[in-house]
Amino acid sequence: MKIRSKIAIMALVLVLLTALSIVSVVFYQLDYVQDEIEEELFTIEFDQTKNVLRNTILMIEALQAEVERRLHYNLNAAQALLNSSGGVQITPRTQQWTIINQYDHSSRDVVLPTLEFVSNNNLYDPDHWQSPSTSHFIEHLSEVLGVTCTLFQRIDPQGDMLRVATTVPSSDGRAAVGTYIPAQHPDGSFDPVISQVLQGQRFVGRAFVVDDWYNTAYHPLYDQQRNIIGMLYVGERQSELASLIHSIQHIAAGSSGALFMMEAQPREENHRQGVVQQLTSSDYDHVHSGLTSKDAQYAQQIIGKLLNENRLLLTDKINVLHTDGGLNGVSAVPDDHVIVYSYFAPWDWLVGIYSQCETASSTQQRLGVMFQRTVASVCMTAFLWFSLALWLAFRLATQISKPLEKAVEGFQRVGQGDLDYELGHASGFEIEALYRSFDTMVHNLQQVTASRDELDLEVNARRQIEQKLQNTVATLETIIREAPMSIIVVTQEGYVVMWNPSAEKMFGWKEREVLGQLYPLVRGEDMTAECLDYKKLVENGLILQAREMQRYHKDGHKLDLLVSAACLAGPESSCENILILLEDISAFKKTQRQLQEREEQYKLLSAEFQSILNSIEDVISLISPDMKILWCNHGKKRWNKNEAVLPMTSCYSLWDKNLSECKDCPIRKSFETGESHSSIVTTPDGVRWGIKTFPQKDENGQVTNVIEVASDITESSILREEAMRSARLASLGELSAGIAHEINNPNGVIMQNAPIIREMLESLQPILDDYVQDHGDFTVGRLPYSRVRDKLLQIPRRVEDSSQRIKAIVDDLKDFVRDEGVLDAGSRADLNYALEAAVRLTSNTVKKATNYFSVTYAENLPPFIGSVQRIEQVIVNLIMNACQSLPDMDASIMLQTRYDAKNNQIELEIIDQGCGISEENIAKVTNPFFTTKRETGGTGLGLSISSRIIEEHGGRLSIESVVDSGTEITISLPCYKEDA
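The name given to the chain in an unreviewed UniProt entry is histidine kinase, with Desulfuromonas acetoxidans as the source organism. Database annotation for the chain, UniProt heading Subcellular location (unreviewed entry): "Cell membrane". UniProt annotates the chain under Catalytic activity (unreviewed entry) with the comment "ATP + protein L-histidine = ADP + protein N-phospho-L-histidine."

J.: Could you clarify how one ought to interpret the overall build of the chain in this entry?
T.: A tally of helices and strands in the chain yields 22 helices and 32 strands. Per-residue burial over the chain gives 37% buried out of 980 residues. Long-range contacts, defined here as pairs at least 24 residues apart, represent 57% of the contacts in the chain between residues at least 6 apart. Just so you have it, the chain exposes about 58100 Å², and 53% of that area is on carbon and sulfur atoms.

J.: What is the right way to read the sheet that holds strand S6 (residues 203–209) from this model?
T.: As a general point, the strands of a sheet are linked pairwise by backbone hydrogen bonds and lie either parallel or antiparallel. Strand order in the open sheet formed by 8 strands is S2-S1-S5-S4-S3-S8-S7-S6, with mixed pairing between adjacent strands. Both edges of this open sheet fall to strand S2 (107–117) and S6, since each of them pairs with a single strand only. Between one strand and the next, the sheet's axes are offset by a mean angle of 45°, whatever the strand orientation. Sheet analysis places strand S4 (residues 161–166) next to strand S5 (residues 179–181), joined by 2 bridges and oriented antiparallel. When the sheet's bridge partners are listed, Met161 is paired in S5 with Ile181. Contacting strand S1 (88–101), S2, strand S3 (148–154), S4 and strand S8 (228–237), helix H2 (residues 134–145) crosses the sheet at an angle of about 145° to S3.

J.: So what exactly am I meant to see when it comes to the pairing of strand S31 (residues 956–962) here?
T.: Regular strands place their side chains on alternate faces of the sheet. Burial of the side chains of S31 is restricted to one face: Leu957, Ile959 and Ser961 are buried, whereas none of Arg956, Ser958, Glu960 and Val962 on the reverse face is. Two elements, S31 and strand S32 (residues 966–974), share 7 bridges in a ladder whose sense is antiparallel. Each bridged residue has a counterpart across the sheet, and for Glu960 the counterpart in S32 is Glu968. Turn length for the S31-S32 hairpin, with the two strands adjacent in sequence and antiparallel, is 3 residues, and the turn residue Asp964 shows positive phi of about 65°.

J.: Looking at this structure, I do not really get the sheet that holds strand S27 (residues 852–856). What am I missing?
T.: Taking strand neighbours across the sheet as the criterion, the 5 strands line up as S27-S29-S30-S32-S31 in an open arrangement whose pairing is mixed. The open sheet has two free edges, formed respectively by S27 and S31, since each of these has just one partner strand. Here the average twist between neighbouring strands, direction ignored, is 15°. Across 8 bridges, strand S29 (residues 892–900) lies against strand S30 (residues 905–912) in antiparallel orientation. Across the sheet, residue Arg898 finds its bridge partner in S30, namely Glu907.

J.: So what exactly am I meant to see when it comes to the side chain of Asn705 here?
T.: In this structure, Asn705 sits in strand S23 (residues 703–712). Beyond its immediate sequence surroundings of up to four residues, Asn705 is in contact with Leu622, Ile623, Ser624, Pro625, Leu630, Phe671, Phe694, Pro695 and Gln696.

J.: Would you take a moment to explain a nonpolar patch on the surface for this structure?
T.: On the surface, a cluster of nonpolar side chains totalling about 450 Å² of accessible area is made up of Trp385, Leu388, Trp391 and Leu392. Its relative accessible area of 37% is what places Leu388 among the partly exposed residues.

J.: Any chance you could explain the nonpolar core here in plain terms?
T.: The tendency in soluble globular proteins is for nonpolar side chains to be buried as a group. Core analysis: the largest hydrophobic core is formed by 42 residues, its most contacted members being Leu151, Leu162, Leu232, Val234 and Val351. Ranked by residue count, the leading element in this core is helix H1 (residues 3–84), at 10 residues. Structurally, this core is a two-domain feature, drawing no fewer than three residues from each of domain 1 (86–233) and domain 2 (257–279 + 292–356). Setting aside residues no more than four positions away along its own chain, Leu162 makes contact with Trp97, Ile99, Leu112, Leu151, Phe152, Gln153, Ile155, Gly178, Thr179 and Tyr180. Ala829, Leu835, Val876 and Leu908 belong to the second largest nonpolar core, which has 38 residues in total.

J.: When you look at the pattern of salt bridges in this model, what are you seeing that I'm missing?
T.: Where charged atoms from two side chains of opposite charge approach closely, those side chains can pair. In total, this model carries 17 salt bridges according to the counting rule given. Arg898 is the salt-bridge partner of Glu909, the closest N and O atoms lying 3.2 Å from each other. Taken together, the positions of Glu909 in strand S30 and Arg898 in strand S29 put the pair 11 residues apart, joining distant regions of the chain. Residue class for Arg898 comes out partly exposed when judged on its relative accessible area of 29%.

J.: What is the right way to read the packing of aromatic side chains from this model?
T.: Scanning all chains against the criterion turns up 8 aromatic pairs. Seen in terms of ring centroids, Phe208 and Trp213 are 5.4 Å apart; in terms of plane orientation they differ by 75°. Their pairing is edge-to-face. Take Phe208: its relative accessible area is 18%, and that puts it in the buried class. Here Trp213 falls in the partly exposed class, since its relative accessible area comes to 23%. Members of the aromatic cluster, each reached through a chain of ring pairs, are Phe152, Phe203, Tyr218 and Tyr233. Directly above the aromatic system of Tyr180 lies the positively charged group of Arg108, at a separation of 5.2 Å from the ring centroid. Sitting over the ring of Tyr222, Arg226 keeps its end group 3.9 Å from the ring centre.

J.: Teacher, can you tell me more about helix H21 (residues 868–885) here?
T.: What sets the pattern is the α-helix's 3.6 residues per turn: residues three or four places apart point alike. With 18 residues, H21 should reach 26 Å at 1.5 Å per residue; the first-to-last C-alpha distance of 26 Å fits that figure. In terms of burial, H21 is a largely internal element, 14 of the 18 residues being buried. The distance from a side-chain oxygen at the start of H21 to the backbone nitrogen of Gln869 is 3.4 Å, and the residue carrying that oxygen is Ser867.

J.: Where do I start with the packing of helix H19 (residues 831–841) against H21 in this structure?
T.: Closest axis-to-axis distance for the H19/H21 pair is 9 Å, and the angle between their directions is 45°. Classed by the angle they form, the pair H19 and H21 counts as oblique. Judged by the twist between their axes, the crossing of H19 over H21 is right-handed. Here Leu831, Tyr833, Ala834, Leu835, Ala837, Ala838, Val839 and Leu841 of H19 come into contact with H21, specifically with Val868, Ile871, Glu872, Ile875, Val876 and Ile879.

J.: Sorry if this is basic, but what is going on with the confidence of the model for the chain here?
T.: It should be kept in mind that the predicted coordinates are not to be read in detail where pLDDT is low. Residues at a pLDDT of 70 or more form 76% of the chain, whose mean pLDDT is 77. Across residues 277–292, confidence stays below pLDDT 50; counting only partners more than four residues off in sequence or on other chains, it has 33 contacts. Within the model, the stretch residues 325–334 combines pLDDT values under 50 with 16 contacts to residues more than four positions away or in other chains.

J.: How do you make sense of the environment of Thr491 when you look at a structure like this?
T.: Within the secondary structure, Thr491 sits in strand S13 (residues 486–491). Using a relative accessible area of 16% as the deciding quantity, one classes Thr491 as buried. Once the C-alpha coordinates of Thr491 and Leu568 are considered, the two residues, 77 residues apart in sequence, prove to be 9.6 Å apart. Excluding its chain neighbours within four sequence positions, the residues that come into contact with Thr491 are Val497, Glu576 and Asn577.

J.: Quick question: what am I supposed to make of unusual backbone geometry here?
T.: Across residues other than glycine, the phi torsion is negative in most instances, and most of the peptide bonds are trans. Although it is not a glycine, His105 adopts a positive phi angle of roughly 60°. In this structure, His105 sits in the loop between S1 and S2.

J.: Where do I start with helix H15 (residues 666–673) in this structure?
T.: Turning to H15, its buried residues are Pro666, Ile667, Ser670 and Phe671. Down the axis of H15, the buried side of the element spans an arc of 145°, and every buried residue falls inside it. Looking at the packing, one finds that the buried side of H15 touches strand S18 (619–623), strand S21 (677–682), strand S22 (688–697) and S23. With its phi angle positive at about 75°, Gly674 sits one or two positions after the end of H15.

About the thresholds
Residues numbered from 1 in each chain as written. Predicted model: local features only at pLDDT ≥ 70, side-chain atom pairs only at ≥ 80, totals over all residues. Heavy atoms only, no water. UniProt positions renumbered as here; feature names shortened; annotations may be inferred. Helix = DSSP H or I, 4+ residues; strand = E, 2+ residues; numbered from the N terminus. Buried < 20%, exposed > 50% of the residue type's maximum accessible area, 1.4 Å probe, protein only. Contact = heavy atoms within 4.5 Å. Areas by Shrake-Rupley, 256 points an atom, 1.4 Å probe, with all protein chains shown as cover. Pairing = 2+ DSSP bridges. Axes fitted to C-alpha atoms, helices over the stretch in contact; angles between N-to-C directions. Patch = residues over 30% accessible without salt bridge, like charges linked within 9 Å, V, L, I, M, F, W, Y side chains within 5 Å. Salt bridge = Lys/Arg side-chain N within 4 Å of Asp/Glu carboxyl O. Core = buried A, V, L, I, M, F, W, Y, C linked by side-chain atoms within 4.5 Å. Domains from an automatic or database assignment. Phe/Tyr/Trp six-rings, centres within 6.5 Å; stacked < 30°, edge-to-face > 60°. Lys NZ or Arg CZ within 6 Å of the ring centre and 35° of its normal. Expected span 1.5 Å × (residues − 1). Polar contact = N/O pair within 3.5 Å; in protein donor to acceptor, adjacent residues only side chain to side chain. Parallel < 35°, antiparallel > 145°, perpendicular 65-115°, else oblique. Left-handed = near helix turned anticlockwise from the far one by under 90°. pLDDT = per-residue confidence, 0-100. Arc of directions from axis to C-beta.

Next up, the structure:
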C-alpha cells in the first residue's frame, strides 16, 4: 500500500473517532451538567440575596453614622443657642408636678424648684419668641432645627430626669411634658442615658422616648457650682426616617425576594414592631415584583415566633433560615423558601429577606431546551467535519507523497555518484527543509574532496607551534630552577607536584621527600585555613598577592614569609593546580618588631608625660618666636580652643587682636630680654590669669621658645574682693546700729511730745475760736488764724506719723544687719512680715525704677521655720535685681504670697517685666561668682547666697525667664508643723 493511501485512511479514522467521542461525551454528561448548573444557579441566587442583605446593612450603618453626625450638629447648635441666650437656672420658686414614668406609666406628685430660662438682654430678640420662657425656647429650637427637642430637670440625687419643656408627642398627640426618665428601670436595670449624662458625658444613640424608639442626643446642664441640674435633648423618631424609606424603595432582592425590618426586642407581650411603618403595599409592588407586603409580614411572624421561643441566634453575621422544619404552629411553606437575616445591634433591628428562589427554576427550564439544541448541533457538526476530513485527507496525502518520491529518486542518484544533482525548491516548510538539507549535503561532499591539501598545511603549522611550546617550557623550567624565591605547585587537594631548589634551601626538604606528599609547610589549624584560602582562589579565580605569613622549616622553627598564590589553568581553562611563591622576610620582620617595641616604649613615656601635665591645674603652653602655640595641656581652658586645632595658631589671633596690641605681653618680654616675667591678664571672657613665662635657650644663648604657665586667679581675686566688701559691710552694720541708736533718742522725744502738743492744741482751739468771735481774726506764725485753723491739729499728727515711720525704718535696718547665726529648728517666722520689711527698705529704689509696683499679701498665711532677717535679706536682693533689670519706668514689678495646701508650703512669687535671662545662663545664675553685670560692679554672689539661704530653710528657689519678656522667681518654704 502506498503512503498516500495510508495517510488518507489514518486521517479518516482519527476524525471519525474524535466525532464519536465528542457526541458520546455530550450525551453522557448532559444530565450531570444540567444538575450542576441548577445547583450553581440556586447558589448564585442565594449569594445575590446575601449581597442585597449585606448592602442593606451597610446602608443602615451609613444612615446611622449620618443620623449621629446630624444629632451632634443639632445638639451643638441647641447648646450654642441656649448658652448665647443666657441659659437656664434653678430659682427659689417651687412648682407642684404630677410626673409619669415613661416605662410603666406610674405617676407620683413632687414639688420641685422652678427651672427657668435666663434671658440675656444683649442677645434677646423679641421676634424669636414672645416671652423668654423655657417652653417658647424649646418650641423655637425644635422649629429651627427640624427635630424634637426637650429640656429636662433633675428630680432627685438618684438622677431621675423630668421633661419640663418638650416637643416630643405622647400617645394622645400632645407634648409629653410631665413624663420623666427613671434612673433605674422597673426591671432593676440602670438607664444608659441617665448613667452617661450623670458622668458628665454626652449620650448619642438609640433610646426609648415616651412611647417609641428615637435616635437621640443628650447633653448635661450645669449650674454655677458645676452640679448637673438637667439635660438638653434633640432627636427624631426611627420609624420616621424618610431617607431609609426612600432607600428601601430602590432595593431589589431579585424577582422573588421580600425585604423586612423589625425590632428584635418585644415591646409588650411578645409583640414586635415593624421598623418602617410608612412603607405601603404599593411601595412593595414597586420594589418587589414577586412578593407583596404580606410575604414580608409572614416572614416577620416566623422570625418573631423563633425569637419568642429563643430558637434564633442574634449576631451581626449573615444567617440563613430554611423553612423546611422547626416551624411548628406556623402555616406550611414550600421547601425552597429561605429567610436570610442579620442583627443590627446599635438600633436593635433584625433585617432580613424572604425569598422563594423562582429565578433558578425558570432558568433551569431554559437550560434544558438549550441542551437539546446543543446535542443536535453537535451531531450535525460531527457529520460535516467527517465529510470535510475525507476530502482533506486525500488531498493532503497527494501533496505529501509526490515530493517524497522525488527525494527518493535524488538519494538514488547521489548513491550512484552523481554529486551535481540538486532537488531545487518545493512548497511546504518540511518538504522545502528536506530539499535544502539534501542540497547542502551534496555541497559538503564536494568540499570534503577539495580540502585534503588544506589539511596537510594545517598539520605542518601545528607541528611548528608545538616546537615553540617545548622551547617555552624549557625556559620556564630554567627560571623556576634558578629563581631566588621558593616556587611550589600543589593540587587542589594539597599534594605537592613541584618543589624548586630554592624551596629545598629555604625549608630543608629535598624534592624527592615532598613530591606527591601533602603540603608540609603548615600543620593543624593552619592547614585548614590554608585550604580555605586556596578554595576561595579556585572558586573565584582570585590572585593572592604578597601576604605576610609564617610557615614551618623542616627542623620545626617558623619562618616569616611573603606569600603570593594563583591558579594554574588546565586544558579546559579550569583551575587544576595552585602556584605558590614564597620570599623569606625573617630579617625584615625582626627589624620591624624591634622598631615596634621602641615605638611602644616611646608612646608609653609620652602618655606618662602627658598625664603628668594634664594633672597640673595650671595651664602650660609652649610658644614659638612668631607667637604661635606649639603645645598646650589645657587648651580649652586657657585659649578657648581644643588642643587639636591649637598647634601653629597665633595666640593673639585667638583673642581677635593684632601683634601690635600685645605691648605688655610677658611672652614678648621673655623673647626680648631672655628672662622670666610675670603679670596678671584679664581675657575678653572675664577670666583673670596669673601669667609666668620662662624662656628656653639654645647652646648659643638664643631664646628658641617660651614656656607660659597660667593660673586661673579669678575666684581667688573675687573672694578677696568679697572679703573686703564683707568687712566693709560689717563695719557698715556696726555703724548702722550706732546711727540707729542716735536717731532713736531724739525720735523718742518727738514721739513722746507730739501727742502732748496735739492734746494742748485741741484744748486751746475752743478758746481761740471764742477770741476770734470777740476780737476778730489774728495771725498765727505769719498766717491768719482762719486760714490755718483746720490744719492746726494735722501738724502734730503728721509729726507723730513721721516719727513712727522713722522708728520702723530704723528697726528694719537693725533687723537686716543683725547676724542670727545658725537657724533655730523651732523658731517660727512670718513671710508677710519679712516681705513688708523688705518693701520698706527698698521703697526708694523701687520708686526710681518703676511706676507700676504692686504687693499682694495672702491672708491667714501659716508661719515657716527659720529666720525672718535672712529671708528678708533674700527678698531685698531679689527686689533689687528686679529693679536693675527693668528697661524703663513703664515696666512693672509684682510680688505676692500664697499658701500651697497640697504641698503644705508657703510661696512668694516675684514677677518683673525686665530684660530676662538667656536660656544658656539660667542654669548658671545660682553658681557662685557668675554674673553678667561684672562691669557695673556685680560679684555673682547675690543669687548664689539667696539660693543657699532658701536651701538652708528646707525650701526651693525656682527661676523661669524669657529674654526681653521678663523673669518669674518663686520662693517655696515648708510650713511650721505642731508637734503631735
